[in-house]
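One letter stands for each residue in the lines below.
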Amino acid sequence: MAAQVVVVVAGAPLLAGLMRQVRARMEGRAGAGVRQPWRDLRKLLRKEPVTPVGTGPAFRVAPLLLVATTAVVAALLPLVSTDTPVSGRADLIVVVALLALGTVALALAGLDTGTAFGGMGASREMTVAALVEPTILLAVFALSIPSGSTNLAAIVSGAADDPARSASPAGLLAIAALAVAVLAETGRLPVDNPSTHLELTMIHEAMVLEYAGPDLALVELGAQMRLAVLLGLLTSLFAPWGIATTATWAALAVGLALLVVKVTLLGAVLAAAEVFWAKVRLFRVPELLAGSFLLALLAVAASFFLNGR
Amino acid sequence: MSAVGAALTAAAVLAAVAAAAGTWLPARARVTLAGVCTAGLGAAGLTAGVAALGGQSWSADLPDLLPLAGAHLAVDALSGLFMAVAGAVVLAVGVYGIGYAGGGHGLSGRGVQAVLPVFALTLILVPAAASVSTFLVLWELMALTSLALVVAEHRERGSVREAGLWYAVMTHLGLVLLLVGLAWFAAEAGGETFTALRAGAAGMSPAARDTVFVAAGLGFASKAGMVPLHAWLPRAHPEAPSHVSALMSAAMVNLGVYGIVRLGLDLLGGGPRWWWWLVLGTGALSAVYGILQAAMASDLKRLLAWSTSENLGLVLVGVGAAGMFNAAGDRPLAVLALAAALLHTVNHAAFKALLFCAAGSVLHATGLRDLDRLGGLRARMPVTAGLFALAALGAVALPPGNGFTGEWLLLQTLIHGLAVPGVSTAIMLPVAVAAIALSAGLAAAVFVKALGVGFFARPRSPQAERARESPPTMLAGMGLLALACAALALAPGALAPGLDRAAAAAGLSGGRQLSGGGLRLSLHQVSASLWPLWTAGALAVALAAVLALTRAAGRRERRGQARLWDCGGGAPTPRMAYTATSFAEPLQRVFDDVLAPEQDVDITPVRESAYLVERVRFQHRVPDRIEHRLYRPVLSALTGLGTAARRLAAGSVHTYLGYGFCAVVVLLVVLAVIQ
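Residues numbered from 1 in each chain as written. Chains lettered and ligands numbered in written order. Predicted model: local features only at pLDDT ≥ 70, side-chain atom pairs only at ≥ 80, totals over all residues. Heavy atoms only, no water.

*Asks:* Help me understand the overall build of chain B, please; the structure alone is not making it clear to me.
*Replies:* For chain B, the helix and strand inventory stands at 25 helices and eight strands. In summary, chain B has a C-alpha radius of gyration of 27 Å against a globular reference of 26 Å for 675 residues, a match within 12%. With the C-alpha coordinates of chain B rotated into their principal frame, the extents come out at 95 × 75 × 60 Å. For chain B, the proportion of its 675 residues judged to be buried stands at 57%. Taking contacts inside chain B between residues at least 6 apart in sequence as the whole, the part at least 24 apart equals 78%. Counting only carbon and sulfur atoms, one obtains 66% of the accessible surface of chain B, whose full area is about 25600 Å². One finds the centroid of the 45 positive side-chain charges in chain B at a distance of 7 Å from the centroid of its 33 negative side-chain charges. (Helix = DSSP H or I, 4+ residues; strand = E, 2+ residues; numbered from the N terminus. Rg over C-alpha atoms; globule rule 2.2 N^0.38 Å. Buried < 20%, exposed > 50% of the residue type's maximum accessible area, 1.4 Å probe, protein only. Contact = heavy atoms within 4.5 Å. Areas by Shrake-Rupley, 256 points an atom, 1.4 Å probe, with all protein chains shown as cover. Lys, Arg positive; Asp, Glu negative; His and termini not counted. Charge placed at Lys NZ, Arg CZ, Asp CG, Glu CD.)

Okay, here's the thing in structure tokens:
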């Protein structure tokens with residue numbers, strides 16, 4: 001469990017670096033190397049901590065809370081193994097709610113600055129978050145029907161025992177819905193452009209414009225960790241092959257290696273896809289999310305009728 | 001006499017003392033003594049409720065109190081739960097009211113001070129009523145006293161009068177429905193005590209049962225603020241004095257839920273599925289519609305009122321699911337669903353009372369309710385801002401807030417409810433889950449708006465600039481509610497046996513479904529458990545670890561201050577900050593079709609040229625669409641009828657005598673035909 005948190009914290013910037021590198025290569029650039037996000041974080045951490053005048057505790061605490069919620073989620077998820085000391089507490093609803101808590105904290109920080117951009121980013125982020133929530137919860141619903149529980153360890157080990165489950169229509173619909181929700185939640189293309197520098201099109205970046213130094217490092221790390229955690233969740237839910245179901249060292253090592261390979265592959269595919277995508281207009285995003293919501297609803301219906309319960 | 005009886009007697013005595021003190025004493029002493037006695041009355045109600053939840057039951061017949069039928073009171077665990085919630089809210093509000101009414105809002109007058117304790121007493125006694133006549137008398141007393149309190153500030157603002165009129169009309173239409181439903185029930189069952197109703201319900205024809213449930217259910221749903229009978233709620237709650245809003249929003253609306261549970265599940269003994277689909281559907285619709293309107297509102301108290309409509313909608317989703325599972329024969333799930341609904345009622349009462357009190361504190365300090373003109377209060381009113389943040393955490397239903405446990409339990413029940421056979425289940429339950437999820441997501445946006453725009457950033461008006469922290473009694477009252485929120489958030493498991501008993505008292509004997517184990521909440525029939533304290537602890541540990549690691553990794557320098565960067569734009573003014581209206585704009589565009597906002601741009605050009613503009617006026621409103629479509633036609637038809645009827649009164653005495661003569665003739669003819 002603790003190892004899982006360490007893997008996510010250490011691996012998330014590498015994943016971000018890898019995705020940037022894939023994009024750079026496909027766009028014909030040399031790229032800055034896979035370890036560049038780590039170097040950026042180290043540089044930011046060593047800078048002088050600075051707070052803008054007129055901001056309050058919410059602004060100060062939000063980056064900490066963002067990283068802390070994501071770390072707790074990383075500990076709860078069955079990424080490497082389904083048999084962790086906390087797997088009994090790992091409920092998918094709690095995980096979704098904890099991630100939302102991080103989003104809310106950051107949106108409050110954006111409003112706390114009192115600048116136009118902060119408010120704009122917070123407003124847009126909360127709009128997207130409000131629309132993503134039903135999709136995620138319905139996908140959870142669809143996934144928990146076959147195993148009869150929302151407990152993550154039960155869902156994942158059930159899927160590991162019965163690989164055909166994720167290939168069923170319900171599973172495929174749920175994965176599609178959840179994938180769109182993950183893109184929206186982590187602020188990737190086509191919902192938001194993580195490397196944008198044009199203020200009017202930004203969502204996530206507009207909220208965090210006022211952060212500098214160590215705080216900015218935490219915000220960046222938090223965003224990278226969320227991406228890593230959610231991609232890890234996707235792989236665990238839909239391709240749980242090789243995940244450790246016992247607490248032996250060999251099984252854990254295999255699980256860890258496979259997790260790294262799977263997340264790396266998924267990240268690379270996502271980055272490659274992003275090269276060909278354009279960001280959609282802000283007010284087209286709800287249509288995209290409504291589409292994924294529909295997929296999730298279909299997943300529930302399919303799961304209900306195909307399971308014959 | 002048991003503890004329940006003793007506590008209720010004490011409550012009645014304290015209410016009488018408080019009302020007398022409010023009537024006779026001079027202003028300063030009046031507010032203090034009435035407040036103290038009201039708080040004591042709340043404490044007595046809380047004691048009675050907790051004792052009843054603990055398994056004590058009590059009943060009393062007072063044949064001389066009401067003419068003809070006499071008064072019947074009985075307390076079981078279900079009434080105990082609602083009594084305890086009302087008592088706790090009254091206790092906190094009593095303390096809070098000493099400071100709030102003492103501030104010279106015109107609330108220290110005799111009328112308000114004498115009526116408030118009576119209203120508080122009815123809130124505690126309505127769940128104890130055990131016969132139709134007692135119930136209706138107490139219900140009407142509650143409506144009248146609350147109406148008197150809603151219009152307390154009618155001299156200050158004209159909008160109060162309008163709100164009072166809406167409230168008076170709606171609540172009495174609700175009373176008529178209740179009267180029709182319950183009187184019919186009593187006539188069919190052949191007795192008016194609840195025991196007689198329970199016994200007679202089985203022998204009634206299905207049509208009579210349906211009529212009773214629908215008529216009385218509509219009355220109760222209107223009290224709970226359900227769409228489309230909600231029109232009074234977003235008017236009356238904002239215009240009432242804030243401590244009265246807290247009582248109405250956290251205790252009075254709950255009694256609508258109590259009525260539906262008591263009537264549908266206990267007295268009528270369940271019923272066909274469609275009753276409960278109706279309840280569930282109304283709840284889901286109200287939840288989504290209420291929170292959407294809250295997302296658009298920029299008046300802080302109006303926003304909270306709409307959020308009440310949302311939360312009671314969620315509660316009714318739970319009640320509907322409970323009735324549905326009961327009708328399908330799945331008792332364990334029915335108990336869970338009812339427990340989820342009741343748990344959410346308790347949680348909602350705690351955070352909503354605190355939110356209204358905090359909003360009252362803001363109103364007390366600034367005289368403003370408009371979020372667009374507030375801001376910057378976190379530095380000026382740190383305690384109020386902190387308490388508002390705590391309550392908002394409960395309201396957004398995210399861990400470690402107290403609203404989360406109820407919604408989690410509700411979602412668990414609905415997810416496992418698919419095991420209940422039937423195509424309607426397969427369609428309705430996913431839709432209900434989606435409605436809950438959408439309302440939870442929108443609630444996050446709503447309370448980020450309320451907290452972020454109202455309390456953070458910089459003040460946007462001179463009143464907000466000059467705000468000062470509220471007096472200690474107000475803070476103490478809010479502190480009590482904050483304690484309740486924290487306790488409910490961390491140890492909901494302590495409520496588990498009480499919830500099981502309340503469900504059993506409602507006629508769902510599914511055995512024990514919930515267990516606490518002190519700090520966690522686990523379900524027996526379905527495998528799921530929640531560890532709120534563990535989540536909170538894990539978050540705290542993670543926060544400390546992140547902080548320590550960041551400190552260790554960075555250079556040890558003091559935190560510096562710098563000007564806001566704002567993309568190099570330089571010192572932004574408060575006018576450039578996002579307001580509540582601008583915050584809600586994207587959501588309003590997304591839900592354009594549902595909300596149908598009205599925009600009006602009025603451009604006056606300079607006389608010489610069409611291209612030079614002298615003045616531009618932009619008006620934007622998001623009206624309540626249901627109200628427009630449903631109430632306006634009825635109201636305009638009635639107005640038209642009234643105008644037309646004025647022609648009958650021409651002022652000639654001869655004509656009036658003619659009317660009288662014609663009426664007598666018609667009456668005689670009718671009588672002759674009937675005989």
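What follows continues from the structure just given.
*Asks:* Explain the interface of chain B and chain A to me, please; I cannot follow it from the model alone.
*Replies:* Bring the parts together and some accessible area is lost; that lost area is often taken as the interface size. Each side of the interface is counted separately: chain B has 73 residues, and chain A has 74 residues. Considering only the surface of chain B that becomes buried against chain A, B:Trp534, B:Arg559 and B:Tyr578 emerge as the three largest contributors, covering 10% of it. Applying the counting criterion to the chain B and chain A interface returns two salt bridges. Measuring nitrogen to oxygen at the nearest pair gives 3.1 Å for the salt bridge that ties B:Arg559 to A:Asp215. (Buried area = accessible area lost by both parts, 1.4 Å probe. Salt bridge = Lys/Arg side-chain N within 4 Å of Asp/Glu carboxyl O.)

*Asks:* Please clarify how the nonpolar core should be interpreted in this entry.
*Replies:* Grouped burial of nonpolar side chains is what soluble globular proteins tend to show. One finds B:Phe185, B:Met248, B:Val319 and B:Leu338 to be the most contacted residues of the largest nonpolar core, which totals 322 residues. In terms of residues, this core owes the most to one element, helix α13 (residues 331-366) of chain B, which gives 24 residues. Leave out the neighbours within four places in its chain, and B:Leu338 touches B:Val261, B:Leu265, B:Gly318, B:Val319, B:Ala322, B:Ala503, B:Ala506 and B:Leu508. The next biggest cluster of nonpolar side chains, apart from the first, holds five residues, and it includes A:Phe117, A:Met202, A:Ala206 and A:Leu209. (Core = buried A, V, L, I, M, F, W, Y, C linked by side-chain atoms within 4.5 Å.)

*Asks:* Sorry, what's going on with empty space enclosed by the protein here?
*Replies:* With a probe scaled to a water molecule rolled over the atoms, the places where space remains empty come into view. Across all of its chains, the model carries ten cavities of 30 Å³ or more by this definition. In this structure, the largest cavity spans a volume of roughly 140 Å³. Mapped by element, the contributors of at least two residues to the lining of the largest cavity are α4 (92-112) and α5 (116-147) of chain A together with α17 (423-455) of chain B. Among the elements that take part in the lining of the largest cavity, α5(A) stands out by supplying six residues, more than any other. Among the residues making up the lining of the largest cavity, the classes are represented as twelve nonpolar, two polar and two charged. (1 Å grid on protein atoms, 1.4 Å probe; cavity = no way out; pocket = protein on both sides within 12 Å on 5 of 7 lines; lining within 4 Å. Points joined across faces, edges and corners; volume = space filled by probe spheres on them. Nonpolar A, V, L, I, M, F, W, Y, C, P; charged D, E, K, R; others polar.)

*Asks:* Please clarify how the confidence of the model for chain B should be interpreted in this entry.
*Replies:* Predicted coordinates in regions of low pLDDT should not be interpreted in detail. Residues with a pLDDT of 70 or more make up 97% of chain B, whose mean pLDDT is 89. Among the prediction metrics, the complex's ipTM stands at 0.92, with pTM recorded as 0.93. (pLDDT = per-residue confidence, 0-100.)

*Asks:* I keep staring at the environment of A:Met225 and nothing clicks. Help me out?
*Replies:* Residues and elements named next belong to chain A. If you trace the backbone, Met-225 turns up in helix α10 (residues 213-238). Overall, the relative accessible area of 0% leaves Met-225 in the buried class. Other than its neighbours up to four places away in sequence, Met-225 contacts Val-8, Val-9, Ala-12, Val-67, Thr-70 and Ala-71.

*Asks:* What am I meant to see in unusual backbone geometry here?
*Replies:* Trans is the prevailing form of peptide bonds, just as negative phi is the prevailing case for residues other than glycine. Residues and elements named next belong to chain B. The peptide bond linking Val-227 to Pro-228 adopts the cis configuration, its omega dihedral lying at 0 degrees. Among the structural elements, Pro-228 can be located in the loop between α8 (206-223) and α9 (233-239). A positive phi angle, close to 60 degrees, is found at Ala-397, a residue other than glycine. Looking at where Ala-397 falls in the secondary structure, it is placed in the loop between α15 (382-395) and α16 (403-416).

*Asks:* I keep staring at helix α7 (residues 194-201) of chain B and nothing clicks. Help me out?
*Replies:* Residues and elements named next belong to chain B. All of the buried residues along α7 are Phe-194, Leu-197, Gly-200 and Ala-201. Here the buried residues of α7 occupy an arc of 130 degrees about the axis, which is enough to place them on one side. Exposed residues lying more than 90 degrees from the buried face of α7 are Thr-195 and Ala-199. Turning to α7, the residues buried within the fold contact α5 (132-150), α6 (158-189), α8 and α10 (242-267). (Arc of directions from axis to C-beta.)

*Asks:* Would you mind going over the environment of B:Leu280 with me for this structure?
*Replies:* All names here are of chain B. Here Leu-280 lies in helix α11 (residues 273-296). Relative accessible area serves as the criterion here: at 1%, Leu-280 is assigned to the buried category. Between the alpha carbons of Leu-280 and Leu-267 there is a distance of 19 Å; along the sequence they are 13 residues apart. When neighbours within four sequence positions are excluded, Leu-280 is seen to be in contact with Leu-316, Val-317, Gly-320, Ala-321, Met-428 and Ala-432.

*Asks:* Can you walk me through the layout of surface pockets in this structure?
*Replies:* Quantified by volume, the largest pocket comes out at close to 1200 Å³. Going through the elements one at a time, α1 (2-26), α2 (36-45), α4, α5, α8 (169-185), α9 (204-207), α10 and α11 (249-276) of chain A are the ones with two or more residues in the lining of the largest pocket.

*Asks:* Just to check I follow, could you spell out the pattern of salt bridges for this structure?
*Replies:* Side chains carrying opposite charge are able to pair once their charged atoms draw close together. Residues and elements named next belong to chain A. Summed over the entire model, instances satisfying the criterion amount to 22 salt bridges over all chains. In this structure, the salt-bridge partner of Glu-287 is Arg-284, at a minimum N-O distance of 3.1 Å. Residues joined in a network through salt bridges with shared partners are Arg-23, Glu-27, Arg-29, Arg-188 and Glu-274.

*Asks:* Teacher, can you tell me more about helix α22 (residues 580-590) of chain B here?
*Replies:* In an α-helix there are 3.6 residues to a turn, and that puts residues three or four apart on one side. All of the buried residues in α22(B) are B:Ala580, B:Phe583, B:Ala584, B:Pro586, B:Leu587 and B:Gln588. Buried residues belonging to α22(B) abut α4 and α5 of chain A together with α11, α17, α23 (592-595) and β8 (613-621) of chain B.

*Asks:* It is not clear to me how the packing of aromatic side chains should be interpreted in this structure. Could you clarify?
*Replies:* Pairs of aromatic rings are described using the distance from one ring centre to the other and the angle between the two planes. Residue and element names in this part refer to chain B. Per the counting criterion, the structure on display carries 15 aromatic pairs over all chains. Centroid distance Phe-82 to Tyr-258: 5.3 Å. Interplanar angle 65 degrees. Geometry classified as edge-to-face. Linking Phe-82 in helix α3 (residues 77-101) with Tyr-258 in helix α10, this pair joins segments that are 176 residues apart in sequence. Under the relative-accessibility criterion, Phe-82 is labelled buried at 3%. Note on Trp-139 and Phe-220: the rings are 5.4 Å apart at their centroids and 85 degrees apart in plane angle, and the pair reads as edge-to-face. Of the two residues, Trp-139 is situated in helix α5 and Phe-220 in helix α8; the sequence distance between them amounts to 81 residues. Comparing Trp-139 with Phe-220 shows no difference in burial state: the two are buried. (Phe/Tyr/Trp six-rings, centres within 6.5 Å; stacked < 30°, edge-to-face > 60°.)

*Asks:* Could you clarify how one ought to interpret a nonpolar patch on the surface in this entry?
*Replies:* Residues and elements named next belong to chain B. On the surface, Val-601, Ile-603, Val-613, Val-616 and Phe-618 cluster together to form a nonpolar patch covering roughly 470 Å² of accessible area. At the level of elements, β7 (598-605) and β8 are the ones that each hand at least two residues to the nonpolar patch. On the secondary structure map, Val-613 appears in strand β8. (Patch = residues over 30% accessible without salt bridge, like charges linked within 9 Å, V, L, I, M, F, W, Y side chains within 5 Å.)

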